[in-house]
Structures are given as C-alpha cells and as structure tokens.
There are 2 protein chains.
Amino acid sequence: MIYLDNAATTLKKPSAVKEAMLLALDTMGNSSRGAHDIALNASRTVYEARERLAAFFNCTRPDHVIFTSNITESLNIVLSGLLEAGDHVISTELEHNSVLRPLCRLREERNVAVDLVSSSRRGLVDYSDFERLMRPETKLVVCTHASNLTGNVLDISRIAQIAHSHNALFAVDSAQTAGTRKVDMQKHGIDVLCFTGHKGLLGPQGTGGICIREGVDIKPFKSGGTGVQSSLCRQPDRYPARLEAGTLNSPGIAGLAAAVDFIASKGLNVISEREALLTLRFYEKVRGIPGITVYGDFEGEHAGIVSLNVRDLDSGLVSGILSDEFGIATRPGLHCAPLLHRALGTKAQGAVRFSFSCFTEEAEIDRAAAAVKSISERPLP
Amino acid sequence: MIYLDNAATTLKKPSAVKEAMLLALDTMGNSSRGAHDIALNASRTVYEARERLAAFFNCTRPDHVIFTSNITESLNIVLSGLLEAGDHVISTELEHNSVLRPLCRLREERNVAVDLVSSSRRGLVDYSDFERLMRPETKLVVCTHASNLTGNVLDISRIAQIAHSHNALFAVDSAQTAGTRKVDMQKHGIDVLCFTGHKGLLGPQGTGGICIREGVDIKPFKSGGTGVQSSLCRQPDRYPARLEAGTLNSPGIAGLAAAVDFIASKGLNVISEREALLTLRFYEKVRGIPGITVYGDFEGEHAGIVSLNVRDLDSGLVSGILSDEFGIATRPGLHCAPLLHRALGTKAQGAVRFSFSCFTEEAEIDRAAAAVKSISERPLP
C-alpha cells in the first residue's frame, strides 16, 4: 500500500525507534520509582529524552518538558491549566478539535470567553484579526502551526509578537510541524509548545508532550503518584511531576528520543526540504486536472499536506476508491477540523487529504497523482 | 539483577508482547481515523483488545472498555467524571495517591465530601466502617483491591454489597491484582474497574484502562478529536469515544492484548497460585529473623507483596544495600501510600517492599531472604 496518511500518523519509523523500544521493554523499570539500577535506567532514559526534546525545540529547561500520551492530552492540560473564569482566549477557525473542543468546554464550564480568528476560503487568516480581538483580559492566544487540513503554515512569530505586546501567553499546536519544520521556542516566541510523538517526529503512538517556558504556571490536570513528595495531599508543585501523574510510557518515550536523534542526525532542514519537494510535486501534478479542487494556499509556507476533492464526489467515496482500487491510503471526511471545512465550503463533502513523510518516494507521489487523474476522468456517477 | 519490584512495574514480559508491539509499529495506522487498510488494521487491533479485556474482566460491553495511559489517568477520569458538588464519596486509608490526590482535589475544588475508612496497624479495614460512613448523598465507594504496600487484599464483593445496598456506585483500583488474581465485574459487583497494563497484566508501560458497567455515566475528562462525529463542538456521547480523545497508544494496546492472551493461555489460577507460593515462601523465610518487622496480614488473602523493615534502619538505606551489595531490586520509601504508612507507624522510616511476578524464581526468593538476614545481622550503625 502507498501510505499517504502521514498527517494522521507516520507509518514508517526509523529502525532505531523499534530498537530503543525493545531495549526499554527489556531493561527499564519504573522511572522515578526506586533507586535500583533498573528503575534508575528508566529515570535516566526519560530524563535524556527530556534533554533531547528541549534541545530540539530550544526549550531552556529540560525539566519543563512534560510527557503526555498525545498532543490532545497536552492541549487539554495547557488550556485547562491556564484558563480560568473571566479569562479571554483567542484561537482560530483553522484549529483541530483538540483545541476547539477543550475551548468549547471551558466556555461552558468556566465561562471563559473565546474568540476565533476566521478563515478565508483559502484557509488563510488575517493577522490583524488577532490584534483586533485582543482585550485586557486576554490570557492566551493558542493556534496551530499548520492546518491539518490545508497544510497552510501560520506565521507564529508574528502571532507571538501580537500576543506578547498585549501581555498574553502564546501556545502552539505543532501536531503538523514538529519534526518536519523548525519549531523554536526562543526564535518563534512560544511560551507553551504542544507536540505529538507519532507524526512528523517519527516516534511511536502513545507519546506526546509539552515544552513550557520558564515562569509559565500551568495548573495540574491529573493528580496522583509521582514517586516524589509522596506525603503531600496535593500534586507536587515542580515540573515535570506537577503535570505527570502515574507511570510514564517509558518504552514509547525511549522510542521518541531515538526518533528525535534520527531527525537531528539526518538534519531537520533536509527533511523540511524533502517534504516541501514532495508536496509541490504532488500539487503541481493534480492542480490542473479538470474537476479537481485543491484547498489551501500554495504560495506561502506549506506543510506536507494536500487536500482536494474530485468534482462534488463524497470524499469518503474517493478515498475508498483510492484505497480499494489503487492501494493508496488517504484520509477523507472532516479531519476533526469542522470550522475550517465550513470556511472552505466543504462541510458536507469533506476532503481527501494526501499527506507525506520524509520516507515518501517520488514514484508514490506520481502514482497517487495518476490515480486522482484516473478517478477524475470517470463518468459522473 | 534479581528484580523484586514488580508492584512498581513488571520487568519480564511474555515474548508475545514485544512481537505484537513490533508488528503494530510496522503495520498499524491511526485507529478510528480513515478507512484504508492500515487505519482499519489499527481499529481492528484496538477493538479486539477491548474484547480481550472485556472477556478477561467479565465486562459485558467491549465498547465500554476505555484505554488510558495508566491507571492514574483511569482513576482521574472516573473520580472527576462521577463526583459533583454535594456528592459524598467513601474510600480508605489504604489507597495510593492515585486515589487520594484526586479526592483531595475534588474536595477542594468541587466541595465533594470525602470519608476514608481507617486502617489498623496491620493494614486491615473494618468493613462495618463502610456501612457506618454511608450517607444518603454517597455517590461512590472507591477502593483498592489490594494494598500496594502491605499486599492485603480487600473483600471487594462485600464492599460492593454495602455500596449497592445504599444505591452507591462501586469503583475498584486493581493496580495490584489485575492479571494475578480474579477480578470479575459481575461476580464482584464492580461498576467501574480501573486497571493498569504494565504490572500484573504483563503489558507495556503506557497502557491502562477502565471497564464500565452498562448504564454508568462518566463525564468526559479530556476533550478532542475522536475520528467520529467531528462536527460536534462537544465530545461525542458514546463510549469509548466519550472518554478517549486523541490518538491511542496502538502499539502499547497491541502489546497489552498479547499479554492478556498469555495470561489466559497460562491460566489465571495457575499464575495466582504461583505468586501466592512465592510470596508465602519469602514471608516464611523472613518473618522470624530477629530485628525484622513484616507489615500486613498474612492470614487473609494476599497479593504478591511483602514489605518489611530492618530494625529502625531507613528503608532507603536497606533498599540501597540490597541493590548495591546483593543485586536485588526493591522499592523503599512511602510507595505513594502516605496514610497507610501513617497507620502502620512507618511514615518516617518508609518500608522495603519486595514484590513478585509469575516469572520470579524460587532461588531468587531464597537469595532475597538470605540478603535480608545478612543485613539484619550487621552491627547497628
């Protein structure tokens, strides 16, 4: 099968990921629980993983790298831990449900005021909207680095500047960019970075995390054992224990660290360029096919995602044909981004998303584009 | 190293666990995301894992088996999702911080009334206390099946009867029993069962879950994408999506399912008897050593745990000697069970916990007991 659903999860991982996980399964006890070699081995491996990710994202404090089970959990922790009654938060219509649903809930349960910057029909935002929506009580601006539907990349440095000029915090959902393009907390002005392990970072499912700038105070989401300060009735105050209750996914974290090493050794810029090349190659081949609508903006920066529709055919039907007849894996439907689909005018039809990884081959791109052309040439059903 | 810290995490796993995880890493897309073979393969594997666990715990509905990253998350979801302002909950002093800390927080944040059944100096509860503490507004009784410190097993059927006779729900923390002794939702009258994958179930770290009796209504803890009903602003209502936001730990879940298969094929009763034998063997060898205090009750049912102290030596010191000089891994300190340590009179000293798995060998038990004897015979420091 030609796997072009890397925005959902990357399938091909560096072999070092599996090796690290196997080693962890054989040798790692419970991190932060006990002082014998096997527990310490887990603690060391987990701490080294924090150091790797801190270096990778330019987070000044490795102990402010928090591990979670996925970026949805990261975003829940961050939004729930930062926003209180009376606070105002700004986000965008481009967001995934991992941002929209927690915000919807905080609005209902805590009376948090939520404003969303709207999207154009090309999936673009007007940056002056962030400025316009600012209020004195704006606590946070949170947005995706790149849309998981159109692949459009937002200028997060610019949004950070706007947020900071109003004394608001800036949090980023890097689900579609971490591991495939530069995400630099210092350079981009990110206060809180949420990441997931199993997409561009090439790690296993079950991993994700948060990098927190020193001084940012996020309340605990879960409570429970941490292996430290066990006699406290409350969650310990210090990161990472404050946000990490319960046993960590040590084998997953070991695999993620190996994946980050792979990316660093290969060179993030090499991976970025490779993905841009593949994306452009596919876009150029499909954009001119009669009956094909491609969504998003390909003049600005773009992640490794191309979403399209064939005439008015249901996206599930097209994705099904691609899978069944051509052996090509894509993702149809709403991609958990309902407001952006509304903006694009595709709420009923959905869209067929093709998404690439650094392991995707040119021949796969070409076969996928040929398959799209072939489907587009069929008589209308 | 002789690994006797299985109550923290089992180290030796069935080889099928690793094989299942490797297969998952190579072949599984994102469960519930997309309809191509690779995503469907993940969905199928995850659903089969739900069926395995439902059968294992005698939960009537596989779709009411929720996957989490560990039992601490399970307990947070359950306690936060069941208890509202004005509710009363009963638990015990035997609990782990994974129960105590969420309850402490719900008391503070939601004004939930919390009563704890006290522990004797042998770590036993008086069952009439549950009855005595019942109030009309008691919504829930939650307790551990076996103490992670003493290994004492509670009569959960009896507690369930008391809870149900007062129309309260009964939730169980099976961290120290799932996979090593029978936990049967129907037979024991459990409404909500929390389990962890990486201890007695012999699965990987990063896995855990909740089995929910049909009709029990637990509010969402996290919100986000589920791959279904994406246009809703709120979390979908149906289990499992209601409690599972974000990408699951598919390789971990595949490994856990393989581990459950291993236990079922080996026979849970065989494993139970093996562990009881090892535990008794160790207990019998250490109980009479001068200067040794063993905690807990060995007349009733007992999990594979023996905690002890050598005179008034700090438990961390003894555990360190066991590790450094004898190559034996144990866990000292408070074991995240501060109230029980207070009841046992060991809040300052902690205790040295020896915990066994079905893979522990008799020779390892004997060497550990000999090491305890040797340390006990040293001159007082």
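We now turn to the structure provided with this report.

Thresholds, definitions, all that
Residues numbered from 1 in each chain as written. Chains lettered and ligands numbered in written order. Predicted model: local features only at pLDDT ≥ 70, side-chain atom pairs only at ≥ 80, totals over all residues. Helix = DSSP H or I, 4+ residues; strand = E, 2+ residues; numbered from the N terminus. Rg over C-alpha atoms; globule rule 2.2 N^0.38 Å. Buried ≥ 20, exposed ≤ 12 C-beta atoms within 10 Å, placed from the backbone. Core = buried A, V, L, I, M, F, W, Y, C linked by C-beta atoms within 7 Å. Contact = placed C-beta atoms within 7 Å. Nonpolar A, V, L, I, M, F, W, Y, C, P; charged D, E, K, R; others polar. Least-squares fit on C-alpha atoms with pLDDT ≥ 70 in both. Pairing = 2+ DSSP bridges. Axes fitted to C-alpha atoms, helices over the stretch in contact; angles between N-to-C directions. Expected span 1.5 Å × (residues − 1). Arc of directions from axis to C-beta. Parallel < 35°, antiparallel > 145°, perpendicular 65-115°, else oblique. Left-handed = near helix turned anticlockwise from the far one by under 90°.

1. Re the overall build of chain A
Phase 1: When helices and strands are tallied, chain A shows twelve helices and twelve strands.
Phase 2: Relative to the compact-globule value of 21 Å for 381 residues, chain A shows a C-alpha radius of gyration of 21 Å, a close match.
Phase 3: Burial statistics for chain A: of 381 residues in total, 60% are counted as buried.

2. Quick word on the nonpolar core
Phase 1: The biggest cluster of nonpolar side chains holds 238 residues, and the ones touching the most others in it are Leu-193 of chain A together with Leu-193 of chain B.
Phase 2: Not counting residues up to four positions away in its chain, the partners in contact with Leu-193 of chain A are Phe-57, Val-172, Ser-174, Val-183, Met-185, Ile-210 and Cys-211 of chain A.

3. Comments concerning the interface of chain B and chain A
Phase 1: Chain B puts 66 residues into the contact, and the matching count from chain A is 65 residues.
Phase 2: For the side of chain B that touches chain A, the element with the most residues is helix α4 (residues 97-110) of chain B, which contributes seven residues.
Phase 3: Class assignment of the residues belonging to the side of chain B that touches chain A gives a composition of 24 nonpolar, 31 polar and eleven charged.

4. Describing the relation of the copies chain B and chain A
Phase 1: Between chain B and chain A, which share one sequence, the superposing operator has a rotation angle of 180 degrees and an axial displacement of 0.0 Å; the RMSD is 0.0 Å. Put plainly, the chains are arranged around a two-fold axis. Of every C-alpha in chain B, the one belonging to Ser-69 of chain B sits nearest the axis of rotation, 3.1 Å from it.
Phase 2: Same-surface contact between copies: 98% of interface residues of chain B are shared with the interface of chain A.

5. Observations regarding the sheet that holds strand β8 (residues 208-212) of chain A
Residues and elements named next belong to chain A.
Phase 1: Pairing in this open sheet of seven strands is mixed, and the strands run β2-β8-β7-β6-β5-β3-β4 from one edge to the other. Each of the sheet's edge strands pairs with one partner strand only, and the pair in question is β2 (65-68) and β4 (113-117). Across the sheet, the mean angle separating the axes of adjacent strands is 20 degrees when strand polarity is ignored.
Phase 2: Where β2 lies against β8, four bridges are found, and the strand directions are antiparallel. Within β8, the position partnered with Ile-66 by the bridge is Ile-210.
Phase 3: Each of β3 (88-92), β4, β5 (138-144) and β6 (169-173) is contacted by helix α4 (residues 97-110), which is oriented at about 155 degrees to β3, the strand it contacts most.

6. Describing helix α12 (residues 362-376) of chain B
Residues and elements named next belong to chain B.
Phase 1: Here α12 contains 15 residues, and its C-alpha end-to-end distance of 21 Å stays within 8% of the 21 Å for a straight helix at 1.5 Å per residue.
Phase 2: Every buried residue belonging to α12 is among Ile-365, Ala-368, Ala-369, Ala-371, Val-372 and Ile-375, and all of these are buried. Each buried residue of α12 lies within a common arc of 155 degrees when the element is viewed along its axis, so the set occupies one face. Residues of α12 that are exposed and point over 90 degrees away from its buried face: Glu-362 and Ala-363.

7. Concerning the packing of helix α1 (residues 15-27) of chain B against helix α8 (residues 250-266) of chain B
All names here are of chain B.
Phase 1: Packing of α1 against α8 brings their axes to within 8 Å, and their N-to-C directions diverge by 150 degrees. Considering the angle they form, α1 stands roughly antiparallel to α8. Seen from above, α1 lies across α8 with right-handed handedness. Taking contact as the criterion, the partners of Ala-16, Val-17, Ala-20, Met-21, Leu-23, Ala-24 and Leu-25 in α1 are, on α8, Ser-250, Pro-251, Ala-254, Gly-255, Ala-257, Ala-258, Ala-259, Asp-261 and Phe-262.
Phase 2: Across the contact of α1 with α8, the residue classes tally to 13 nonpolar, two polar and one charged.

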